Amino acid sequence: MAFFAHQIRRGFSSSAVRNVVIKQVTIIGGGQMGAGIAQVAASTGHSVTLVDTSDDILKKSIKTIEGSLKRVVKKKFADKPEAGEEFIQKVLKNVSTSTDAGSAVKSSDLVLEAIVENLKIKQDLFSRLDKLAPAHTIFASNTSSLPISDISSTTNRLDRFGGLHFFNPVPMMKLVEVIGTSSTSQETFDSLLNFSKVLGKTPVSCKDTPGFIVNRLFVPYLYEAVRLYERGHGSKEDIDIAMKLGVGYPMGPFELSDYIGLDTIKFIMDGWREMDPDNTLFAPSELMDKLVAEGKLGKKTGEGFYKYK
Ligand SMILES: CC(=O)CC(=O)SCCNC(=O)CCNC(=O)[C@H](O)C(C)(C)COP(=O)(O)OP(=O)(O)OC[C@H]1O[C@@H](n2cnc3c(N)ncnc32)[C@H](O)[C@@H]1OP(=O)(O)O
Ligand SMILES: NC(=O)C1=CN([C@@H]2O[C@H](COP(=O)(O)OP(=O)(O)OC[C@H]3O[C@@H](n4cnc5c(N)ncnc54)[C@H](O)[C@@H]3O)[C@@H](O)[C@H]2O)C=CC1
């Protein structure tokens, strides 16, 4: 009886009665997050195909992975630089690239999406791939804020669909939020939990609620820092210093917003405000709107709250 109730909660489906051991991974989107996830998956022995819209972007993704691996081995193989170089080459061999998502997913156990934070584009992608991926393949999204059940709604594999939310920079941040919708099967959820552990991360289980755990607490904090600055209650520099030295955060809110990308943070907040317009935690910021409109998105564009050129 308990088993049955449990299966109902997770949306039982006969096609998903076994745990999928994830070996072959397709990652769609080779930006900040996709490249980081590809690196970690390849470093832990997975065969990874990284997909993006052009070969030029993918070349940049591989360069990013190479640069990050160099930082990792500097520490891990401090006394054995040759073994470090060997490790880098071994990891890079585990990553192939493609601009053809449809072909890439044909041999995948997991398709993990880390493309632009836009519901329609994510839905279109998964709807197309659903027809091409094998039946056992699990689909997952790395979305920061969109409901997983909205993203999965255009597919016929609701039981094999979940959220895997990594943190930036992926090689350094230990947490993964694993998100199950009311339709995600227990087997899928367990496979995603297990995959996160095999990557060397610590997973936490989340419901499909806005911002899951971390961003629901964290994004309002980042916005309140900007509003505090707009009210003239402190300079950006002092607010950053205060949060680093006062509560031990590794980065202040302005440094971190620039690091994540102001477009991503604004997109999250705009979406929540639309859902709950009277919630003062979701109030807008004129400065944030202005910077994003000017294309000053943070570190990735060379300027955000601070300049990086
Ligand atoms: C928006 C969302 O949906 C969710 C999110 O991601 S929210 C954002 C979550 N992320 C954070 O909060 C990041 C907070 N910042 C930090 O933890 C740290 O500042 C940081 C790890 C990014 C950098 O650390 P730092 O001490 O400030 O700088 P730095 O000295 O350059 O780096 C520390 C170490 O990390 C390593 N490192 C940093 N970035 C790295 C990367 N991308 N790849 C590999 N190694 C990296 C460095 O090599 C360095 O190693 P050593 O200690 O051996 O020298
Ligand atoms: N930046 C951050 O700190 C975090 C972001 N996220 C989420 O991860 C996702 C990706 O974010 P970032 O890596 O920061 O973005 P990014 O802008 O660095 O990278 C996105 C990549 O996806 C590619 N892309 C866009 N549409 C595509 C398509 N249809 N097919 C293939 N590739 C496509 C782009 O060319 C780009 O290289 C978003 O959903 C974001 O909300 C999650 C955790 C942290």
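Keep in mind it's a predicted model, so treat the numbers as computed, not measured.

Some words on the overall build of the protein chain
Right, on to step 1. Along its length, the protein chain carries 13 helices and 8 strands.
Right, on to step 2. A compact globule built from 309 residues would reach a C-alpha radius of gyration of about 19 Å, and the protein chain, at 20 Å, matches this within 12%.
Right, on to step 3. The principal-axis extents of the C-alpha atoms in the protein chain amount to approximately 60 × 55 × 35 Å.
Right, on to step 4. Here the protein chain has roughly 15,200 Å² of accessible surface; of this, 57% comes from carbon and sulfur atoms.
Right, on to step 5. Each charge class in the protein chain can be summarised by its mean position, and for the 39 positive and 36 negative side chains these summaries are 5 Å apart.

Section: the UniProt feature "domain: 3-hydroxyacyl-CoA dehydrogenase NAD binding" (unreviewed entry) in the protein chain
Right, on to step 1. Residues annotated in UniProt with the feature "domain: 3-hydroxyacyl-CoA dehydrogenase NAD binding" (unreviewed entry) correspond here to residues 24–209.
Right, on to step 2. End C-alpha atoms of residues 24–209 are separated by 29 Å, and the span's content is 44% helix alongside 21% strand.

Things to note about the packing of helix 9 (residues 214–230) against helix 12 (residues 262–275)
Right, on to step 1. Two elements in contact, helix 9 and helix 12, have axes whose closest approach is 10 Å; the angle formed by their N-to-C orientations is 105°. Judged on the interaxial angle alone, helix 12 and helix 9 are roughly perpendicular. Listed contacts from helix 12 to Asn215, Arg216, Val219, Pro220, Leu222 and Tyr223 of helix 9 are Ile265, Lys266, Ile268, Met269 and Trp272.
Right, on to step 2. Split by residue class, the contact of helix 9 with helix 12 holds 8 nonpolar, 1 polar and 2 charged.

Structural notes on the site of ligand 2
Right, on to step 1. Not every one of the 21 residues close to ligand 2 is listed here, only the nearest: Met33, Asp52, Glu117, Lys122 and Ser144.
Right, on to step 2. Residue Lys122 places a side-chain N or O atom 2.8 Å away from an oxygen atom belonging to ligand 2.
Right, on to step 3. Coverage of ligand 2 by the protein amounts to 82% of the 840 Å² it exposes when considered alone.
Right, on to step 4. Of the residues in the shell around ligand 2, the class split is 8 nonpolar, 10 polar and 3 charged.

Focus on the nonpolar core
Right, on to step 1. Residues Ile27, Leu110, Leu112, Leu164 and Phe166 are the most contacted members of the largest nonpolar core, which totals 38 residues.
Right, on to step 2. With 7 residues, the top contributor of residues to this core is helix 2 (residues 32–43).
Right, on to step 3. Each residue touching Leu110, except ones within four places of it in the same chain, is listed here: Ile22, Gln24, Val25, Thr26, Thr137, Ile138, Ala140, Leu164, Leu192 and Phe195.

A look at the site of ligand 1
Right, on to step 1. Around ligand 1, 17 residues are found, and the nearest of them are Ser68, Lys75, His165, Asn168 and Asn215.
Right, on to step 2. Between ligand 1 and Arg71 there is a distance of 3.2 Å, counted from an oxygen atom to a side-chain nitrogen or oxygen.
Right, on to step 3. Here an oxygen atom of ligand 1 and a side-chain polar atom of Lys75 are 3.3 Å apart.
Right, on to step 4. In the complex, 68% of the free accessible area of ligand 1, which totals 1,000 Å², lies under the protein chains.
Right, on to step 5. Listing elements by their share of the shell around ligand 1, those giving two or more residues are helix 3 (55–76) and helix 11 (253–260).
Right, on to step 6. In terms of residue count, helix 3 provides more of the shell around ligand 1 than any other element does, 4 residues in total.
Right, on to step 7. Residues of the shell around ligand 1, tallied by class, amount to 10 nonpolar, 5 polar and 2 charged.
Right, on to step 8. Both domains that meet at the shell around ligand 1, namely domain 1 (2–207) and domain 2 (216–301), each give it at least three residues.

Details of the environment of Glu255
Right, on to step 1. When you line up the elements, Glu255 lands in helix 11.
Right, on to step 2. Sequence separation of Glu255 and Lys299 is 44 residues, and the distance between their C-alpha atoms is 9.0 Å.
Right, on to step 3. What Glu255 contacts, discounting residues up to four positions off in sequence, is Asp240, Lys244 and Tyr306.

A short note on unusual backbone geometry
The bulk of non-glycine residues show a negative phi, and the bulk of peptide bonds are trans.
Right, on to step 1. Of the consecutive residues Asn168 and Pro169, the connecting peptide bond is found in the cis state with omega at 0°.
Right, on to step 2. With respect to the element layout, Pro169 can be found in the loop between strand 6 (161–165) and strand 7 (175–180).
Right, on to step 3. We note that Phe212 has phi near 50°; this positive angle belongs to a residue other than glycine.
Right, on to step 4. Turning to its location among the elements, Phe212 is positioned in the loop between strand 8 (202–207) and helix 9.

Describing the domain arrangement of the protein chain
Right, on to step 1. According to the domain assignment, the protein chain consists of domain 1 (2–207) and domain 2 (216–301).
Right, on to step 2. Taking the mean C-alpha position of each, domain 1 and domain 2 sit 27 Å from one another.
Right, on to step 3. Surface buried jointly by domain 1 and domain 2 totals about 610 Å² across both partners, of which 58% is contributed by carbon and sulfur atoms.
Right, on to step 4. Summed over the shared surface of domain 1 and domain 2, the number is 1 residue pair in polar contact (both at pLDDT 80 or more).
Right, on to step 5. The class makeup of the residues in the side of domain 1 that touches domain 2 is 2 nonpolar, 5 polar and 1 charged.

What counts and how
Residues numbered from 1 in each chain as written. Chains lettered and ligands numbered in written order. Predicted model: local features only at pLDDT ≥ 70, side-chain atom pairs only at ≥ 80, totals over all residues. Heavy atoms only, no water. Helix = DSSP H or I, 4+ residues; strand = E, 2+ residues; numbered from the N terminus. Rg over C-alpha atoms; globule rule 2.2 N^0.38 Å. Areas by Shrake-Rupley, 256 points an atom, 1.4 Å probe, with all protein chains shown as cover. Lys, Arg positive; Asp, Glu negative; His and termini not counted. Charge placed at Lys NZ, Arg CZ, Asp CG, Glu CD. UniProt positions renumbered as here; feature names shortened; annotations may be inferred. Axes fitted to C-alpha atoms, helices over the stretch in contact; angles between N-to-C directions. Parallel < 35°, antiparallel > 145°, perpendicular 65-115°, else oblique. Contact = heavy atoms within 4.5 Å. Nonpolar A, V, L, I, M, F, W, Y, C, P; charged D, E, K, R; others polar. Near = heavy atom within 4 Å. Polar contact = N/O pair within 3.5 Å; in protein donor to acceptor, adjacent residues only side chain to side chain. Core = buried A, V, L, I, M, F, W, Y, C linked by side-chain atoms within 4.5 Å. Buried < 20%, exposed > 50% of the residue type's maximum accessible area, 1.4 Å probe, protein only. Domains from an automatic or database assignment. Buried area = accessible area lost by both parts, 1.4 Å probe.

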